[in-house]
Each structure stands twice: as C-alpha cells, then as structure tokens.
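Structure at a glance
Residue-level listing of the chains:
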Amino acid sequence: MSRVLIRVNLVVLFTFLCGLDGALTAAQPVSVPTPSEFLGFQVGADGQLADYGQIVSYLKKLESLSARIKLEDLGPSTQGRPIILAAISSEENLKNKQKYRAIAQKMADPRGLSQTEIDKLISEGKAILLVTCNIHASEIGATQMAMEWAHGLVTARNPETLSWLDNVILLLVPSLNPDGQVMEVEWYRKYLGTPFEGGRMPWLYHPYTGHDNNRDWFMLTQKESKAVNRAVYFEWFPQVWLDEHQMGSTGPRMFVPPYSNPVAERLHPLLWRAVDHLGTMMSWRLEQNQKSGVIYGYVFDAYWPGGTKNTAWWKNIVGLLTEVASCRLASPIEVAPAELRGGGKGLAEYRRQTNFPNPWPGGTWRLRDIMDYERIASDALLEVCSTHRADLLKGKVHMALDALTMGKAGEYYKISEQQSDPVAASRLAHLLRENGADVLWTSTDRAFYLPTQQPMARFLDEVLTKQRYPKIKPAASTDYFTPYDVTTWSLPLMMGVEVEKTTLAPDLQKTLRPIEETDWPESGLAGAANPAVYAVSHQGNSVSLLINELLKNRQRVVRLARQAFTSNGRSFPAGSLLVEPAPDLADLAKACRVRLEGLTQRPEIATDSLLEVRVGLYKPWAASADEGWTRWVLEQYHFNLKNIDNQAVKSGSFAQDFDVVIIPDVGKDLILEGKSTPREGAIKYSEDLPPEYVGGIAKEGVKNLKDFVEKGGTIVALSSGTELLMAEFNIPVANALPSRSEEFSCPGSLLRIKVDTNHPVTYGMPAEAVAFVAESIAFRTAVTGPAVSKRVLAAYPEDAEDVLVSGWMRGAEKLERTAAAVALSYGKGKIVLFGFPVQYRAQMESTFKLLFNALHWAGMSEATTKTVSD
Ligand SMILES: [Zn+2]
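Described in the following lines is the structure provided in the data block. Per chain, residue numbering runs from 1 following the sequence as it is written. Local features in this predicted model are restricted to residues of pLDDT 70 or higher, and side-chain atom pairs are both shown and tallied only at a pLDDT of 80 or more, whereas totals for entire chains, interfaces and linings draw on every residue. Heavy atoms throughout the structure, all of them, feed into the side-chain values; hydrogens and water do not.

Helical segments are the DSSP runs of H or I of at least four residues, strand segments are the runs of E of at least two, and each set is numbered from the N terminus. Along its length, the protein carries 27 helices and 39 strands. Against the globule reference of 29 Å for 870 residues, the protein gives a C-alpha radius of gyration of 29 Å, in line with a compact fold. If one aligns the C-alpha atoms of the protein with their principal axes, the spans along those axes are about 90 × 70 × 65 Å. For the protein, the residues scored as buried account for 60% of the 870 residues in total. Should any heavy atoms of two residues lie within 4.5 Å, those residues are considered in contact. Counting only contacts in the protein whose residues sit at least 6 apart along the sequence, the fraction spanning at least 24 positions is 80%. Radius of gyration means the value over C-alpha atoms here, while the globule rule gives 2.2 Å times the residue count to the 0.38 power. Residue burial is assigned from relative accessible area. The probe radius is 1.4 Å, only protein chains are included, and a residue is buried under 20% of its type maximum, exposed over 50%, and partly exposed in between.

Note on soluble globular proteins: their nonpolar side chains tend to be buried together. By nonpolar core we mean a set of buried residues, namely Ala, Val, Leu, Ile, Met, Phe, Trp, Tyr and Cys, connected to one another through side-chain atoms within 4.5 Å. Ranked by size, the top nonpolar core spans 166 residues in total, and within it L172, Y259, L381, L432 and L491 carry the most contacts. Looking at this core element by element, the count peaks at 11 residues for helix α13 (residues 367-387). When sequence neighbours within four positions are dropped, the list of residues in contact with L381 reads L129, V240, L242, L278, M282 and L320. Counting residues in each nonpolar core, the second largest holds 75 residues, with L585, C746, A769 and A842 among its members.

For Na, K and Ca the donor cutoff is 3.2 Å, while for all other metals N, O and S atoms must lie within 2.8 Å; water is not among the atoms, so some sites may look incomplete. Around the zinc ion, the donor atoms from the protein are H136 (ND1), E139 (OE), E139 (OE) and H245 (ND1), and they sit 2.1 to 2.6 Å away. Bound by 4 donor atoms, the zinc ion shows angles of 54 to 150° at the metal and therefore irregular coordination geometry. Here a site with four donors is tetrahedral if all angles are between 85 and 135 degrees, and a site with four or six donors is square planar or octahedral if opposite donors are over 155 degrees apart and the other angles are between 65 and 115; anything else gets the irregular label.

DSSP bridges decide pairing: two strands pair if at least two such bridges lie between them. Judged by pairing direction, the sheet is antiparallel, and its 5 strands sit side by side in the order β18-β15-β17-β16-β19 without closing on themselves. Where the open sheet ends on each side, the last strands, each with one partner, are β18 (500-503) and β19 (513-514). The sheet contacts of helix α15 (residues 422-434) involve β15 (411-416) and β17 (447-451), and relative to β15 the element is tilted by about 135°. For helices, the axis comes from a line fit to the C-alpha atoms of the stretch in contact; other axes are also lines fit to C-alpha atoms, and the angle between any two N-to-C directions lies between 0 and 180 degrees.

Here we come to helix α9 (residues 178-191). Compared with an ideal rise of 1.5 Å per residue, which puts 14 residues at 20 Å, α9 spans 20 Å between its outermost C-alpha atoms and is within 8% of the ideal. Among the 14 residues that make up α9, 11 are buried, leaving the element largely enclosed by the rest of the structure. Of all the residues in α9, the buried ones are P178, D179, G180, Q181, V182, M183, E184, V185, W187, Y188 and Y191. Of the surrounding secondary structure, the elements contacted by the buried residues of α9 are α3 (52-65), β4 (82-88), α7 (141-155) and α10 (223-236). What a helix should span is 1.5 Å times the count of its residues minus one.

The subject of this paragraph is a negative patch on the surface. Excluding any residue in a salt bridge, patches collect residues exceeding 30% relative accessible area, merging like charges within 9 Å and nonpolar Val, Leu, Ile, Met, Phe, Trp and Tyr side chains within 5 Å. Only the protein chains shown count as cover for residues, with accessible areas throughout obtained via the Shrake-Rupley method and a probe of 1.4 Å. Only one rule defines a salt bridge in this text: a Lys or Arg side-chain nitrogen within 4 Å of an Asp or Glu carboxyl oxygen. In this tally Asp and Glu are treated as negative and Lys and Arg as positive; neither His nor the chain ends contributes. Charge positions are represented by NZ for Lys, CZ for Arg, CG for Asp and CD for Glu. On the surface, a cluster of negative charge is made up of D799, E801, D802, E813 and E816. Within the element layout of this structure, D799 appears in the loop between β36 (790-795) and β37 (804-806). Of the residues examined, D799 reaches a relative accessible area of 37% and is grouped as partly exposed.

Turning to its location among the elements, K414 is positioned in strand β15. For K414, a relative accessible area of 18% puts it in the buried group. Sequence-distant contacts of K414, defined by excluding residues within four places in its chain, comprise D445, A447, F448, Y449, E498, V499, E500 and T502.

Within the structure shown, the criterion is met by 49 salt bridges. Where D179 meets R81, a salt bridge forms, and the shortest distance between an N and an O atom there is 2.9 Å. Taken together, the positions of D179 in helix α9 and R81 in the loop between β3 (69-76) and β4 put the pair 98 residues apart, joining distant regions of the chain.

A word on the packing of aromatic side chains. Side-chain rings of Phe, Tyr and Trp, where Trp is taken by its six-membered ring, are said to pair if the distance between their centres is within 6.5 Å; with planes under 30 degrees apart they count as stacked, over 60 as edge-to-face, and otherwise as tilted. Taken as a whole, this structure holds 33 aromatic pairs when the rule is applied. Between Y191 and F196, the aromatic rings sit 5.9 Å apart at their centres with planes inclined by 85°, giving edge-to-face as the arrangement. Assigned by exposure class, Y191 and F196 land together as buried. Put simply, the rings of F255, Y259, W272, Y298, F300, W313, W314 and Y484 pair up and form one aromatic cluster. For a Lys NZ or an Arg CZ to count as sitting over a ring, it must be within 6 Å of the ring centre and within 35 degrees of the ring normal. Seen from the ring of W284, R285 lies directly overhead, with NZ or CZ sitting 5.9 Å from the centre.

Put plainly, a disulfide is one covalent bond tying together the sulfur atoms of two cysteines. Here, a disulfide means two cysteine sulfur atoms that sit within 2.5 Å of each other. For the structure on display, the rule yields 0 disulfides. The thiol sulfur of C385 is not disulfide-bonded, and the nearest other cysteine sulfur, from C133, lies at 15 Å.

Ordered in space as β20-β26-β21-β25-β22-β27, the 6 strands form an open sheet in which the pairing is mixed. Lying at the two open borders of the sheet, with one neighbouring strand each, are β20 (524-527) and β27 (607-609). When the angles between neighbouring strand axes are averaged without regard to direction, this sheet yields 35°. Examined bridge by bridge, strand β22 (residues 558-561) and strand β25 (residues 577-579) share 3 bridges and lie antiparallel to one another. Residue pairing for β25: V558 is matched across the bridge by V579.

For the rest of this paragraph, the subject is unusual backbone geometry. The linkage connecting P257 with the following residue, P258, adopts the cis geometry, with an omega of 10°. Its place among the elements puts P258 in the loop between β8 (254-255) and β9 (260-263). In the segment running from N261 into P262, the intervening peptide bond is cis, with an omega of -5°. A positive phi is found at A842, a non-glycine position, where the angle reads about 60°. Its place among the elements puts A842 in the loop between β39 (829-834) and α27 (845-858). On the accessibility criterion, A842 (3% relative accessible area) is buried.

Between its terminal C-alpha atoms α10 stretches 18 Å, which fits the 20 Å expected from 14 residues at 1.5 Å a residue. When α10 is considered as a whole, its buried residues turn out to be E224, S225, A227, V228, N229, A231, V232, Y233 and W236. One or two residues past the end of α10 sits F237, with phi positive at roughly 50°.

At a closest axis distance of 8 Å, the pairing of helix α11 (residues 269-288) and α13 adopts a crossing angle of 130°. One way to sum up the angle between α11 and α13 is to call them oblique. For the element pair α11 and α13, the recorded crossing hand is right-handed. Counted together, H277, L278, M281, M282, R285 and L286 of α11 and Y373, I376, A377, A380, L381, E383, V384 and C385 of α13 form the full contact between these two elements. Three classes are used: nonpolar for Ala, Val, Leu, Ile, Met, Phe, Trp, Tyr, Cys and Pro, charged for Asp, Glu, Lys and Arg, and polar for all others, with Gly counted as polar. Split by residue class, the contact of α11 with α13 holds 11 nonpolar, 1 polar and 2 charged. Roughly parallel refers to an angle under 35 degrees, roughly antiparallel to one over 145, roughly perpendicular to one between 65 and 115, and oblique to any angle outside these ranges. Handedness of a crossing is defined here by the sense of rotation of the near helix relative to the far one, left-handed for an anticlockwise turn of less than a right angle and right-handed for a clockwise turn.

What follows concerns the environment of Y298. Tracing the backbone through its elements, the reader meets Y298 in the loop between β10 (294-295) and β11 (301-302). According to the relative accessible area criterion, Y298 is buried, its value standing at 9%. For the pair formed by Y298 and L551, sequence separation is 253 residues and the distance between their alpha carbons is 53 Å. The residues contacting Y298, other than those within four sequence positions of it, are M247, P252, F255, S260, G343, K345, G346 and L347.

In this fold, D608 is placed in strand β27. What makes D608 buried here is its relative accessible area of 7%. Here a polar contact is taken to be a pair of N or O atoms separated by no more than 3.5 Å, where protein atoms must pair a possible hydrogen donor with a possible acceptor and residues adjacent in sequence count only if both atoms sit in side chains. Of note is the side chain of D608, whose polar atom sits 3.0 Å from the side chain of R562.

Below, the discussion takes up the pairing of β15. For β15, the tally of buried residues reaches 6 of 6 residues, placing the bulk of the element in the interior. Every second residue of β15 is oriented toward a common face, with E411, Y413 and I415 on one face and Y412, K414 and S416 on the other, all of them buried. Here 4 bridges tie β15 to β18, and the two strands are oriented antiparallel to one another. Looking at the pairing, E411 lines up with T503 of β18. Examined bridge by bridge, β15 and β17 share 5 bridges and lie antiparallel to one another. Its bridge partner being in β17, K414 is matched across the sheet by Y449.

Here the focus is the environment of W632. Within the secondary structure, W632 sits in helix α21 (residues 625-636). The class for W632 is buried, based on a relative accessible area of 15%. On a C-alpha basis, the gap between W632 and I671 in space is 21 Å, while along the polypeptide they are 39 residues apart. Leaving out residues up to four positions away in the same chain, W632 has contacts with Y208, T221, Q222 and A842.

Rendered as structure tokens:
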C-alpha cells in the first residue's frame, strides 16, 4: 500500500515539534498514515470497525501532521465524550477561519448591508459545507469513511482537489452520536464470530433517545443536538449541510436528493433548486463510478422539521440527506435478486424508472460498499460546492432577505411572562433564541418580543403556528400522500404557552433589548413576611420539581389542597401546593424557578399530604425510545427513578424496591414474550438475541404486577403500554380504535381533549387541552360497581369536527366519545392509563404534569388531613 507524502509547513511543524511525538526537521517530508496504517487493521474490511476513540485519535494525528485540518471540540456528549468537528480546507483558509466565519454570518443575516457590500463579501467568502455522520449509531459506515475522506483531502496534491479546498471549508463531524457509536462497536466486537454477529442491540443507541435523536433539532433537549446547533447557528453559519444515513437492505443501494413529496409550504423554492442540483451531481458521479442502485425522489420527503438538516431548511440552509443500504454493521450480507423490493413513495416496484435508472441486481453487500458510495457522494458534494461557491453564498443572502418580507416593520411575536406556566413561556423564548432567532425582552410589560422580519422568519412562522398536511396526489386516480413522520411541531400548543402577533408602539420598541441568560420569571419567596404557610398553584411544571426537592427531606410536610381557596386576596385552584416555612425554602424555590406566596393564615380546606415515591420504569430488551424519553423527562424533574428489567418483574423482586411502576409505550407481546407479533402476512422469522436478553416478563411477571397493585402499588401505563393491563388485568377498559390504518391513522398530531380537572392526576391542567396522538390508543370504559372506583380523566370531543387541532389524521369519528386517560382503583392500589404519550419526545410540556401528577398521586398518603391546621 502506498503512502502519500506531503510537505508540512513550518507553522504546523512547530506545533508538532513542541507538543507531539516524533522529531522531524523542516527539510523532511512528513508521511501521513492512512487510517488503516495508523490503527493497525484494514478499515472498511469485513468484521472490522474503528470505535469513536480511535476515530478521534486518528483525526488528532492528522491535525498534528497537516495544516489542512483543525479540530474543534463542540462539547461533551451525554456520556462525556468530546463531540469533534474537523474543519478541513486549504491551509490559508483555516488560518483565516475567523474572517470566513464572519463573512458567513453576514451572508446568513445580511440586514443593513448594501448590495455593494454584499457583492464584495460574496466574492471574498468561502462556501461552508457541514457533513455530519452517524446520528443513528448503527448506521456506522460514514464514521469509517470520514477517516479515509479526511486523509484523502489532507494529502491531496491534484489541482482539482486543491481547488475544492480553496473554495470550500468542509466541517466534518465523524459522529453526531459518539456514545452510540461506541455502544455499537462494543456490541459488534463482543458477538463477532457468534450466531449473534451483526445483530441488533437490545437497548437504545443513544442513552436517552435512540433513533429519536434525529427528532430533537427544534426542541434541542439533548447535549448532542445542542452542541452541534450552537456550532451551526452561532459559530460557522454553513450554507450546505449533508447528513449521512443508512436505510434497509433490500431496496435501492442509495438515496440522494431530490426528495420525494410533499414539500413544506413556507420553504424557499431556491432551496429546492440547490438541493436538486447538488444531489444530482452526487448521483451523476456515483453512476460514472459504476455504482448501481442510486435513487432520488424516494420515501424521504421535504416536509417535517425535526431532523438535523431538516430544521436547517427553515433557517435557509441547503440541507441534504443520503441513505445507503445497510449490511450488518461490518458483516456482509447476501441479497438474493428475489428479495429486492420496491415499496414506499417513488418506487412502487423494484424496477428501472427515471429516478432509478440502474437497479442494483442483488448479491453481496458489505461495509466497504457503503463507504465507497458515501465517499464518492461526499467528494461530489465538495466538488459542486466548490464549483458553485458564489451561487451558494448568493442563494443564502437571497433566502435571508426574502424571509424578511414574510413579516412587517414593527410587528412582533409576543410571549408574555404572565401565563399559566410562566417558566414554560420563558423557556420557549430561550429555545427560540437557541435556535438562532432574534429574541428581545422588555421589563416594561415583562414580555419577550421576536420581530417577524428576520432571517429566521420561516422557522418562527413554522414552529409558532399550527400545521396542516399538504394535499398532494401522485396521480389523479390515486389517494393523497400520507405522512412519513409526525405532522405537527406547534411549540405554543406543545408547551402550553400563548404567543400572539402584535404591533409595538415606538416607545415600547425603544425599551427592547436582546434576551439574556438571566431573563426568567421572578422566583423565591413572596407575600407575607412571617407567613403561616406558603402556597403556589399547580399550573407550572416546575412545581413538580420543587415537590420532589422538598420530599427529599423526609421530615418535611408537603400538602396539596383538595379544593380551591382564596387567601390574601389571591385565589388558588385545587391541587395548589402548601409548604411549611423552612430556612432553606427560599433557595429551593429559586433553584426550581418557583414563586411561593406567603399566606398569613392557613386556609381551612381539606388537603392530601405527599410522600416521595420510588419510581420503577420498565425497560424491555428492545430499543424503546419512549422509555428513554420518559427517563429523560423524569430525571429533569428530579423524580426518584430507576429502570426495572424483565427479570425483576418475573421474579417479583421489584415490588420491594418501588412504589410505582411505569410501563412506557411498549406493546403487550414484547413485554410478555420479548418479541413483537409480526404484521399479518409478514415473515414470522425473528432473529434471536443473546440468551440473557431473550423472553419477557411472562405469566409470572403479570401475576407479580397484579399482586403489586392489589397490595397498594401504582401502575402508570403510556400508549401501547396500556395493552398489557387491558388484556391481563380485570379492568373495565378496552381499546376503542380499529387496528386497520385505512380506518384510523394519526401518526403524530395534536388533538383536543376535555379534562376533568378535579382529580389529583389532572391538578393544574386546563379544562380543554391538546394531546399529542401518535398511533395511540383511545379507551372505551364500562360502568362498574363499588368494588372499583373509575374516573375518566380526559376524553376526546363528542364531535369529530372538533378533534384535530394541528397536523393530520384519518378517522377522527372513531375518537368520538372515547376516553384519553383513565384512573382506576385496583385492590388497595391505583392504575393510571394514558392512551397518548403525555411526555412525547420531551416536547409536550403542556401535558408533562399528567405524568408527574400520576406519580405524586401514587405518593398521596391514605391518612389525609381535614384541614392544614389538624
Ligand atoms: Zn438514519
């Protein structure tokens, strides 16, 4: 194998000699090892994978030997690994990276620039291309390719590649999910050479979100999305973003844009022209290199904003996706021609057609193939970004200036702090700022204001309003397209925050200043100086955080008012929190962003006291994103939480460790047997996991769960997690929805629910709310005798017309007169069934409290006090 030699410049050599290994003199050419040479195994070969630590060490080696690569640490991943971005360009460009970042920032926000200034910046600026790999950890080929690509670019001597590096600054992120990359490689190495080689891991490949890490890019809850978002919208301002993925094994070999329908309404048409041109260049180069099976206009649409490069479309970035067929991590597969399948939008049958002119014939498919396709496509993108450097910069300015015309001068989105949950309102304002929008604050009326005229106007208009799915038909005689993913992302509805458009008087405009880190509602202690008791309504989610902090001190008395009351001229609804004065209370309230009102007299009302509960969250031996999100949300609010596995349920050992069990959105068969039932007509074969992960809770586990509740425990079940209870427990509840998607389908929409607010589980909720429904469950309930107390906590409207608030659904009439949430007694214990994911992807702040309250309810002591003064 030939080594490529480059001559390092003095600056690099100086750093090299000062800090790192080797003792070279300026006269010697430096040999830059290939990834295989450096790591000591053949990268890309069957059975071989470099883990994230090795990848980073290789990139550091390149940085030590070449001035064409500079690494940036974007911050720690969830488990503390550095998220690395490698800036790769000509030595000259990297030396002037601050200058080029500043130009890119002005291109992204050209307000106030003259055309002459813009033209000058366009002629001086570089195209900034971001390429991210491996957000889905098992889609691992790109992490290996990234090392080879970096080596190729750093060592290139041909004029063509050098001109690309002159025109473009490439930002290469070898893994958007370092923790998952390491998990996958460790799993792969452990079972290499066994019957389980290349098989699936029985847990999430991101510590909390698994596959949903690519659904977090507007809500920005996770460390990885936050870190990369910061680099994109506050540091580098790229014009183009390619996110490299892998897909199934038996269809096309690679998807490149153009995307399939539908296209989101508010996006700039110029964006799609650029996407199409860049994508087509990639498939052209692939075809020239005899890579068959490349498709465009297939499955992946241009509609929802949850993913990396998708969110970026609304922020005027040309976002591209590639998806390469998968093998089994680094183990090859054999695909028989008879196994090749079309299906999905854009390729009904596996046949030659205009978007798929050269079908792959079948055969062996391996990691090396994946890396080769990705490398050709990546090089082609770099090439076309170089060729069209000025067009990309011009396009960026054009889209940003056009976005300004979506609003009016003096018009703002207003987010007032005076809302039922002031913390959620402020959180929304900070989140929009984190997304890159201009957010202003004034203490005059304690409100955040976002100008409607700003480069991020498309994004704001999208996430601050309701969604309607576009009605597009592939042909006149066919049905409309149905959604690929969720169909709503209306942040005000999801977070329970009111946002209005308003025109501001000039004198109020003068008081606006940019939002600061410290712009949060006043918290701590207020009201009477030496109060008898402190109180706060239960409307804000942060009250649950405070309750959990208070309950850590077992001596402390924490109560909830069972009815509404008035004190010191203020009215407090049922469920309001009552706390005794204590020296640490002010600090606790501040830390939890809660404002406690001191009352001179104790209200004469019935209350329930709370105890801390030990929460067990069921975790199957399968990747359950809902389990991960539930864990994440409950951790943010400091619930005392641990996972429960099949063995603990089967043996019954969980009963002594927990007071409440949560069953997340996991189907009955997976819980019982460890396997999901295949769809009708599907192949029944399912691949075995290693023996320690086989099976479910079995009949013994069901009996143990029943005993647990009968003796006083609580079970809270979410979405399909309720199936187990409806099937195996004798409860008067059943699923009201048909299983056929032709009759009912709701892949992710906000639906109206009517809430019975006078129950501990619904304290703080408004009488009308929205539920995020994602192929969820609705309940029919039966009338019962005195043995069971049953309460419908929330129900869908009686008229189908009133059901859908934002998004898309089919069969709304199936929800008429059905329940969305039910609470039941069972023996001495309690059961709460939520038919919809109340904590959905950590996005549904407006219904978080249903879950929190269910857990508080589990900790309500049986001996309740009549009055606080008892
Ligand atoms: Zn993916």
